[in-house]
Amino acid sequence: LGITMVPFHNLVFSQARAEFRTVHKDIDSYLQISVSPEEDLELRRLHLTNLSNQTRTLELTSFGEVALAPPGADRAHPVFNSLFIQTETIPEKSAVLCTRRPRSAEEKPPWMFHAMIVHAEKIMPWASFETDRARFLGRGRSPADPAALDRAGPLSGSEGTVLDPAVAVRRRLRIPAGE
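Residues numbered from 1 in each chain as written. Predicted model: local features only at pLDDT ≥ 70, side-chain atom pairs only at ≥ 80, totals over all residues. Heavy atoms only, no water.

Participant: Help me out: how do you make sense of the pattern of salt bridges in this one?
Facilitator: Pairs may arise between side chains of opposite charge once their charged atoms sit close together. What the rule picks out here adds up to ten salt bridges. Between arginine 170 and glutamate 59 there is a salt bridge, and its shortest N-O distance comes to 3.9 Å. Taken as a pair, arginine 170 in strand S12 (residues 165-175) and glutamate 59 in strand S5 (residues 56-65) lie far apart in primary sequence, 111 residues in all. A salt bridge links aspartate 145 to arginine 141; its shortest N-O distance comes to 3.2 Å. For arginine 141, a relative accessible area of 28% gives the class partly exposed. Overlapping salt bridges, with partners in common, bring together Glu59, Arg170 and Arg172 in one network. (Salt bridge = Lys/Arg side-chain N within 4 Å of Asp/Glu carboxyl O. Helix = DSSP H or I, 4+ residues; strand = E, 2+ residues; numbered from the N terminus. Buried < 20%, exposed > 50% of the residue type's maximum accessible area, 1.4 Å probe, protein only.)

Structure, rendered in structure tokens:
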């Protein structure tokens, strides 16, 4: 496993979305990223096509950092803000919920939802999760080269209160030849 940097063959940026397309090891990948103008919502849609003449098994892993504070507060005190975040995995929905514990009875805490929905023949019945950023990245590593991609199989399944929260979901899927 590990990350292989593959140049994109086609990049399209518009007001509504960004699109990226490449082919690597006979897998055509087409990623669309859209941000809603009305809601705090980002949607990423990944289409994979197996161009080979054999069935391929892939593991897809998403990763995101959690910042449930205004940008200025998060930049000024990222570690402090992370101390108040709690995570919860929802295996049957392949999702992670994050919220910040309220500091007062009147405060309405923000929520974050991160999910991976797969439309393919699934090998793993549920998703696996990681909500501990340090465990996902590994010591001295970055999101460009996380330790979690060095190994196949389920992520650790951590959830709850962690020192440095993140969201990661992994799914394994099978793509028949030509599909």
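Participant: Looking at this structure, how should I read the side chain of serine 52?
Facilitator: Along the chain, serine 52 falls in the loop between strand S4 (42-50) and S5. Since its relative accessible area comes to 11%, serine 52 is described here as buried. Within polar-contact distance, the side chain of serine 52 engages the side chain of asparagine 50 at 2.6 Å. A distance of 3.0 Å separates a polar side-chain atom of serine 52 from the backbone oxygen of glutamine 54. The residues touching serine 52, leaving out its near neighbours within four places in the chain, are Asp26, Ala177 and Gly178. (Polar contact = N/O pair within 3.5 Å; in protein donor to acceptor, adjacent residues only side chain to side chain. Contact = heavy atoms within 4.5 Å.)

Participant: Please clarify how the pairing of strand S10 (residues 128-132) should be interpreted in this entry.
Facilitator: The two faces of the sheet receive side chains in turn, since in a regular strand these alternate between them. The element S10 is largely enclosed, with a buried count of five among its five residues. As defined by bridge partners, S10 adjoins S12 across four bridges and the pair is classed as antiparallel. Along S12, the bridge assignment pairs aspartate 132 with proline 165. (Pairing = 2+ DSSP bridges.)

Participant: Sorry, what's going on with the sheet that holds strand S3 (residues 27-35) here?
Facilitator: To summarise the sheet geometry, strands pair through backbone hydrogen bonds and adopt either a parallel or an antiparallel arrangement. Here four strands make up an open sheet; going across it, the order is S1-S2-S3-S4 and the pairing antiparallel. At either margin of the open sheet sits one strand with a lone partner, and together these are strand S1 (10-13) and S4. Here the average twist between neighbouring strands, direction ignored, is 10 degrees. (Axes fitted to C-alpha atoms, helices over the stretch in contact; angles between N-to-C directions.)

Participant: When you look at the nonpolar core in this model, what are you seeing that I'm missing?
Facilitator: In a soluble, globular protein the nonpolar side chains are often hidden away together inside. By size, the foremost hydrophobic cluster in this structure holds 15 residues, and its most contacted members are Val66, Val96, Cys98 and Val169. Put simply, the parts of the chain that give this core at least two residues each are strand S7 (95-100) and S12. The biggest single contributor to this core is S12, with four residues. Ignoring anything within four residues of it in the chain, the contact list for valine 66 reads Ile85, Cys98, Met112, Pro165, Ala166 and Val167. Phe136, Leu137, Leu155 and Ala168 belong to the second-largest nonpolar core, a separate cluster that totals five residues. (Core = buried A, V, L, I, M, F, W, Y, C linked by side-chain atoms within 4.5 Å.)

Participant: Just to check I follow, could you spell out the side chain of threonine 87 for this structure?
Facilitator: For threonine 87, the position within the fold is in strand S6 (residues 85-90). Residue classification places threonine 87 among the buried residues on the basis of a relative accessible area of 6%. In this structure the side chain of threonine 87 is engaged in a polar contact, spanning 3.2 Å, whose partner is the side chain of threonine 131. Other than its neighbours up to four places away in sequence, threonine 87 contacts Val96, Leu97, Cys98, Thr131, Glu159, Gly160 and Pro165.

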